[in-house]
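Coordinates in review
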Amino acid sequence: MFSSIIEGLGYFGIIWGSFIALVQGIGIYKIFRYYSSIPPDPVSPYLPKDEVPHVTIIRPAKGLEPGLYECLASVFHQSYPKDKLTIYFCVSSTEDAAYPVIRKLLDDYPGFDAKVFVEAEDPYLYGPDGHVDNVGPNPKIRNLSRAYREAKGDIIWPLDCNVWIARDVAGRMVDKLHGFRPGGKQAKPYKFVHQMPLVVDTVTSMSSSNSEGQTLLSGSSVTGGSDAQSNVDVPSSVFSRSWAHGGGRLEEMFMATTHDKFYGAINTVGVAPCIVGKSNMFRKSHIEQVTDPAQNPILTGRAATLPKGLDHFSLFMCEDHVIGDLLWRSDLPGYANHGLVWGDLAIQPMAGMSVPAYVARRVRWLRARKWTVLSATLVEHGVESLVCCFYVSFGLTSAPWFHQNLGIPQTWRALSYFWLAGVTAWMAVDRIVFKKLHAGQSIHVDEQTPLFARGASRGGAEKRRFGEWFLAWLGREVLALPIWTWAVFLGATVNWRGERFRVRSDMTVVAIDAESEEQSTLLENEYSENRTSTSSARGKID
């Protein structure tokens, strides 16, 4: 009996490893195909003026993120006709460190239809006829709500404040959403389009380049905003420096290897939504339709009682993924589900993220995903190199076929050799993929392109020698399993944008703090009484 179990587990390990290799192979192929050269020019910016769709760009801001000015300014440098762009910046209050930067941008680019919305001044929330609970606790949706309500045109493009985009991205996003092709051809339009994200850790160049860089490495400039320490220095000792700023390298590594390989593969196969909330584009008319139970029959139970429009998602943790999932599952004839805009990267500069901050960030993602796609989350540890290679090595040294036909010894020593060889090969592939994405070969570089976005092959400031790259790769791989265990089995609370939340099994969140613990508990009990058909409100997270 025991030997049969071992044999079965061995064959399972081989099958699992083969499946992961296939998925990664698809993702790697797509990365090399689309991120080795600059994508073709977009079509939509050069259509007759009355045929160019109007786009409302909404950029929520929180704190003084690294490269904030350059990231926010990138929307003003788009090749898209500026009379077809409306740009809304959003902050929670005028006390936010991002507010002066936004005001400077508005002064520097006076010819655009651009303005800033302050959540604390929203009459729907704080006016005479408003109420603070008109929008749920999700801080990002509360930040975006007014801008969405006052959007011009049908296309909405939420774009995180810490993301930089190249000059033609707006055009290619619109092309994908509407199905515009060169030569007047028309492809099937999409409900929802998005970009592949890439993180660039800039702490080295910012700390050594100039005084402005040193300033950005203090206070709320730390990526993660509210999780930042009051002061961020660059310690002299290697260990202290790695602990205080190594989280950025770990996040950079995760996004350019494991994340983007699977992101590319899943979006190629298209069996389920796989999106990250950095740069997403959709139609306001679609959001209004799919959040209206009178027009969308999949909204039942509690989901049918939520507000319409963007505010529908204000009770959820991963609003971007819940939006994408609801659009995916809703019947909108004539539209394809989700489209990844291949070749264009949503580049996030990062600086000052500590190792604990990186761990907290990954825990937050996993705890949100835990109630989104439980089965996928439970097996997610198996896609990481150390665990996956162990599964395959166990299979090769346990399944009788390999011993009988290939003479592979069924010993722990043989297992360790196979495991080490597999991990080494995995690392080599990750190194190749990382260098490809960070080379910046698909980025249109001009005088407005900041150093962090130029890529290693285009004069970028950040280059990773193998030694420092290997340490970041090894650190991320070693931390992957403990982070997964902590996130999935050892808690349900997260810290997000300076607030603590409890993530509930229907993906909604309850704010937690010392002053409102009792109120939150009462609110949670009220929600629990009405909780039905939670699957209709669940979203997907990459």
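Rules used throughout
- The written sequence of each chain sets the order in which its residues are numbered from 1.
- For this predicted model, a pLDDT threshold of at least 70 governs which residues receive local features, and a threshold of 80 or more governs which side-chain atom pairs are given and counted, while totals over whole chains, interfaces and linings are taken from all residues.
- Think of the side-chain values as coming from all heavy atoms in the structure, minus any hydrogens and water.
- The term salt bridge refers to a pairing of a side-chain nitrogen on Lys or Arg with a carboxyl oxygen on Asp or Glu at a separation within 4 Å.
- Each helix is a run of DSSP H or I of at least 4 residues and each strand a run of E of at least 2, with the numbering of both proceeding from the N terminus.
- Buried, partly exposed and exposed residues are distinguished by accessible area as a fraction of the type maximum, computed with a 1.4 Å probe on protein chains only: under 20%, between the cut-offs, and over 50%, respectively.
- Side-chain atoms within 4.5 Å are what join buried Ala, Val, Leu, Ile, Met, Phe, Trp, Tyr and Cys residues into a set we call a nonpolar core.
- Any pair of residues with heavy atoms lying within 4.5 Å of one another is described as a contacting pair.
- Whenever a helix is involved, its axis is fitted only over the stretch in contact; in every case the axis is a line through C-alpha atoms, and angles between N-to-C directions fall within 0 to 180 degrees.
- Angle categories: roughly parallel below 35 degrees, roughly antiparallel above 145, roughly perpendicular from 65 to 115, and oblique for all the rest.
- Here a crossing is taken to be left-handed if its near helix is turned anticlockwise relative to the far helix by less than a right angle, and right-handed if that turn runs clockwise.
- Amino acids are sorted into nonpolar (Ala, Val, Leu, Ile, Met, Phe, Trp, Tyr, Cys and Pro), charged (Asp, Glu, Lys and Arg) and polar (every other residue, Gly among them).
- In short, DSSP must find at least two bridges between two strands for them to pair.
- Stacked, edge-to-face and tilted are the three classes for Phe, Tyr and Trp ring pairs, Trp counted by its six-membered ring, which pair at centre distances within 6.5 Å; planes under 30 degrees apart are stacked, over 60 edge-to-face, the rest tilted.
- For a lysine, the NZ atom is tested; for an arginine, the CZ atom; a charge sits over a ring if that atom is within 6 Å of the ring centre and within 35 degrees of the ring normal.
- A patch is a set of surface residues, each over 30% in relative accessible area and not in a salt bridge, joined within 9 Å for like charges and within 5 Å for the nonpolar side chains Val, Leu, Ile, Met, Phe, Trp and Tyr.
- Methods summary: accessible areas were calculated by the Shrake-Rupley approach with a probe of 1.4 Å, and residue burial reflects only the protein chains presented.
- Confidence of the predictor at the level of single residues is captured by pLDDT, which takes values from 0 to 100.

**Details of the pattern of salt bridges**
Using the criterion set out here, one finds 22 salt bridges in the structure. In this structure, the salt-bridge partner of K140 is D320, at a minimum N-O distance of 3.4 Å. Taken together, the positions of K140 in helix α5 (residues 139–149) and D320 in helix α11 (residues 319–329) put the pair 180 residues apart, joining distant regions of the chain. Given the relative accessible area of 11%, D320 is considered buried.

**A few points about the nonpolar core**
In this structure, V55, F89, W157, M281, F313 and L437 are the most contacted members of the largest nonpolar core, which totals 133 residues. Every residue in contact with L437, bar those within four places of it in the chain, is listed here: I31, Y35, M196, L198, A256, D260 and L345. Counting residues in each nonpolar core, the second largest holds five residues, with I14, L396, A399 and F402 among its members.

**Considering the environment of V276**
In this structure, V276 sits in the loop between α9 (238–269) and β6 (280–283). C-alpha separation for the pair V276 and D320, spaced 44 residues apart in sequence, amounts to 7.1 Å.

**Let's talk about the environment of A439**
For A439, the location among the structural elements is in the loop between α16 (412–438) and α17 (466–489). Judged by its relative accessible area of 10%, A439 is buried. Excluding its chain neighbours within four sequence positions, the residues that come into contact with A439 are R454, G455, A456, S457 and R458.

**Some details on the packing of helix α1 (residues 2–34) against α16**
Where α1 meets α16, the closest approach of the two axes is 10 Å, and the angle between their N-to-C directions is 25°. Classified by the angle their axes make, α1 and α16 are roughly parallel. As for the relative orientation of α1 and α16, their crossing is left-handed in sense. Here I20, Q24, I28, I31 and F32 of α1 come into contact with α16, specifically with W426, V429, I432, V433, K436 and L437. When its residues are assigned to classes, the contact of α1 with α16 shows nine nonpolar, one polar and one charged.

**Topic: the sheet that holds strand β1 (residues 55–60)**
The strands that make up a sheet pair up through hydrogen bonds in the backbone, lying either parallel or antiparallel. Pairing within the open sheet is mixed, and its seven strands lie in the order β3-β2-β1-β4-β6-β5-β7. Two strands close off the open sheet at either side, each with one partner strand: β3 (113–118) and β7 (336–350). This sheet shows a mean twist of 20° between the axes of neighbouring strands, independent of strand direction. In terms of strand pairing, strand β5 (residues 190–201) meets β7 through ten bridges, oriented parallel. Across the sheet, the residue bridging to M196 is L345, located in β7. Contacting β5 and β7, α16 runs over the sheet at an angle of about 105° to β5.

**Examining the packing of aromatic side chains**
Under the defined criterion, the tally for this structure stands at 17 aromatic pairs. Relative to W473, the ring of W469 lies with its centre 6.4 Å away and its plane at 20°, an arrangement referred to as stacked. Highlighted residues: W469 and W473, both in helix α17, separated by four residues, approximately one helical turn. With respect to class, W469 is no different from W473; both count as buried. Ring pairing ties together the aromatic residues F434, F466, W469, F470 and W473, which thus form one cluster. Taking the ring centre of W342 as reference, the NZ or CZ of K30 above it sits at 5.0 Å.

**Side note on the packing of α16 against α17**
Taken N-terminus to C-terminus, the directions of α16 and α17 make an angle of 120°; their axes are 11 Å apart at the nearest point. Comparing their axes, α17 and α16 come out oblique. Between α16 and α17 the crossing geometry is right-handed. For the pair α16 and α17, contact is made by V423, W426, M427, D430, R431 and F434 and by F466, W469, F470, W473 and E477, respectively.

**A word on a nonpolar patch on the surface**
Among the surface-exposed residues, L374, L378, V379, W486, F489 and L490 lie close enough to one another that they form a single nonpolar patch of about 580 Å² accessible area. Going through the elements one at a time, α13 (374–378) and α17 are the ones with two or more residues in the nonpolar patch. Topologically, V379 is positioned in the loop between α13 and α14 (385–396).

**With respect to the side chain of E119**
With respect to the helices, strands and loops of the structure, E119 is situated in the loop between β3 and α4 (123–126). In contact with E119, not counting residues within four places along its chain, are V91, S92, L125, Y126, P139, R142 and N143.

**Considerations on the confidence of the model for the protein**
Summarising the model, the protein shows a mean pLDDT of 86, and 87% of its residues fall at 70 or more. Low confidence marks residues 208–232, where pLDDT is under 50. Its contacts with residues over four positions away, or in another chain, come to 54 contacts. Every residue in residues 514–542 scores below 50 in pLDDT, and together they form 60 contacts with partners more than four places removed in sequence or on other chains.

**Comments concerning the pairing of β1**
Burial analysis of β1 places six of its six residues in the buried class, the great majority of the element. Side-chain alternation along β1 places V55, I57 and R59 on one buried face and T56, I58 and P60 on a second face that is also buried. Relative to strand β2 (residues 85–91), β1 runs parallel, the two being bridged by six bridges. When the sheet's bridge partners are listed, R59 is paired in β2 with F89.

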